[in-house]
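# Understanding the architecture of this molecule
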Amino acid sequence: MLLSELGEFGFIDTIRGLAEDDPRVVVGIGDDAAVLDLGGPELIVVTTDAQFEGRHFDLTWLTCHEIGQRAGAAAISDIAAMGAKPAAVFCSAALPPDWVAERAQDLLAGLNAAIMAVGGVLAGGDTVGNHQAALDVVVVGTVPHGEALLRSGAQPGQALAVTGKLGATGAAVALLQVLGPDCWADERLAPVRKRFATPAPRVAAGRALAQSGRVSAAMDISDGLAQDAGHVARRSGVHIVMEAARVPIADGCAEAAEELGQSALEWALTGGEDFELLIALDADQVEAVSELPPVAEIGLTVVGRIEQGSGVTVVDPDGDEMKLARGGWSHF
Ligand code: ADP
Ligand code: MG
């Protein structure tokens, strides 16, 4: 069978079948990050995330500093999704030997800026020469015992909510593909570029949510809201109903959609890499959770509900099921 037939998530399931149960691994393959109990006062949380030139980034789209920053944010976001605090970061960099050195240094300086912004430290890595650039970023963090937020905790009857606003990355990629980097001359699109170039992983919000004890499941939105809701549904054994009209759309997306004749809602539902948090909680906890300071700063919006069953249904304002043009990000 070809990998394209098996699919990214089918392949990951086969890897999960290889991994042995081990008491040190509290959460293994299948969540945003692994949770390890190595005997210390807190649990250790580890994730790795690779970004490849031509696949995840294009050197004409952003500065090298911004590309490095995005790679850092993408990896850190998985630690935030667990309610954990990032500590040490390791970066394996593949770099073309014919690059001027400053360019590679900018890439790593951008990564370091993303790490410092969340109180972490770059502690090591590896360097190899390659015809295309790539960064693989490992983040090690900590979370107190009993506080890790998992994809598997959503329960029927609960509300589904997202932090912040969605769609900016989908909008930015569409703008760059259709119009090229000149699109940023239009000042109305500045908020889209800002969110795309320098995303802010929700570490403070994730910690506050975990510490509050009021949230029963979380993940970060990296493959698109609809697909990521599917991961929560699958890991929790529930059905998710998502109300499209409630999905908060990021600033500048409406203008970008008008410019391109595309749908901002579609970007928010399927675009991916927005790095907001998707959470499940009891409906009567929504107000208290919205008022946690790091959450209040970015906003929290209820976008759906959890029911018994399986899968995700996206409904329009009339309650009719919506068919999405594409599912979301898959590597194969
Ligand atoms: P995310 O989008 O949050 O980074 P992924 O969909 O990339 O999550 O990964 C889902 C789960 O599968 C994670 O637990 C991850 O560690 C695991 N995983 C993905 N690829 C591999 C691999 N090649 N080997 C082992 N585990 C993997
Ligand atoms: Mg994730």
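None of the values given here were measured: they were computed from a predicted structure.

With that settled, consider the packing of aromatic side chains. For any pair of aromatic rings, the description rests on two quantities: the centre-to-centre distance and the angle between the ring planes. On inspection of all chains with the given rule, the structure shows zero aromatic pairs. A cation over an aromatic ring shows up here: Arg-103 above the ring of Trp-99, its NZ or CZ 4.7 Å from the ring centre.

Working note: α-helix, 3.6 residues per turn, so residues spaced by three or four point in the same direction. Spanning 18 residues, helix H3 (residues 64-81) covers 26 Å between terminal C-alpha atoms, matching the ideal 26 Å at 1.5 Å per step. With respect to burial, H3 is a largely interior element, 17 of its 18 residues being buried.

Let's shift gears to the coordination of the magnesium ion (ligand 2). In the first shell of the magnesium ion (ligand 2), the protein supplies Asp-32 (OD), Asp-78 (OD) and Asp-220 (OD), at 1.9 to 2.1 Å from the metal. Residue class for Asp-78 comes out buried when judged on its relative accessible area of 8%.

Phi is positive for Glu-273, which is not a glycine, with a value near 55°. Considering the arrangement of structural elements, one finds Glu-273 in the loop between helix H10 (264-270) and strand S10 (277-281). The phi dihedral of Phe-275 falls on the positive side, at around 60°, and the residue is not glycine. Relative to the helices and strands, Phe-275 resides in the loop between H10 and S10.

The subject of this paragraph is the sheet that holds strand S5 (residues 121-129). Ordered by their spatial adjacency, six strands build an open sheet running S1-S2-S3-S6-S4-S5, and the pairing between neighbours is mixed. Only two strands of the sheet have a single neighbouring strand rather than two, namely strand S1 (25-27) and S5. Ignoring which end each strand starts from, the neighbouring axes of this sheet average 25° apart. Of the strand pairs in this sheet, strand S4 (residues 85-95) and S5 are connected by eight bridges, and their pairing is parallel. In the sheet register, Cys-91 faces S5, and the bridge partner there is Gly-125. Here H3 sits on the sheet in contact with strand S3 (42-52), S4 and strand S6 (134-144), set at roughly 145° to S3.

Reading across from one edge, S8-S10-S7-S11-S9-S12 is the order of the six strands in this open sheet, with mixed pairing throughout. Only two strands of the sheet have a single neighbouring strand rather than two, namely strand S8 (217-220) and strand S12 (311-315). Going from strand to strand, the sheet's axes swing by 25° on average, the running direction of each strand aside. Pairing between S8 and S10: four bridges, direction antiparallel. Within the sheet, the bridge partner assigned to Ala-218 lies in S10 and is Ile-279. Strands S8 and S10 of the sheet are contacted by H3, whose axis makes an angle of about 175° with S8.

For the rest of this paragraph, the subject is the domain arrangement of the chain. Annotation of the chain at the domain level lists domain 1 (3-144) and domain 2 (151-315). Using C-alpha coordinates to define each centre, domain 1 is positioned 21 Å away from domain 2. The interface is formed by 29 residues belonging to domain 1 together with 31 residues belonging to domain 2. Carbon and sulfur atoms make up 54% of the surface buried where domain 1 meets domain 2, a total of about 2400 Å² over both sides. Looking at the side of domain 1 facing domain 2, the largest losses of area belong to Phe-9, Trp-61 and Arg-70, adding up to 28% of the total buried there.

Conventions we followed
- Residues numbered from 1 in each chain as written.
- Chains lettered and ligands numbered in written order.
- Predicted model: local features only at pLDDT ≥ 70, side-chain atom pairs only at ≥ 80, totals over all residues.
- Heavy atoms only, no water.
- Phe/Tyr/Trp six-rings, centres within 6.5 Å; stacked < 30°, edge-to-face > 60°.
- Lys NZ or Arg CZ within 6 Å of the ring centre and 35° of its normal.
- Helix = DSSP H or I, 4+ residues; strand = E, 2+ residues; numbered from the N terminus.
- Expected span 1.5 Å × (residues − 1).
- Buried < 20%, exposed > 50% of the residue type's maximum accessible area, 1.4 Å probe, protein only.
- Donors = N, O, S within 2.8 Å, 3.2 Å for Na, K, Ca; no water.
- Pairing = 2+ DSSP bridges.
- Axes fitted to C-alpha atoms, helices over the stretch in contact; angles between N-to-C directions.
- Contact = heavy atoms within 4.5 Å.
- Domains from an automatic or database assignment.
- Buried area = accessible area lost by both parts, 1.4 Å probe.

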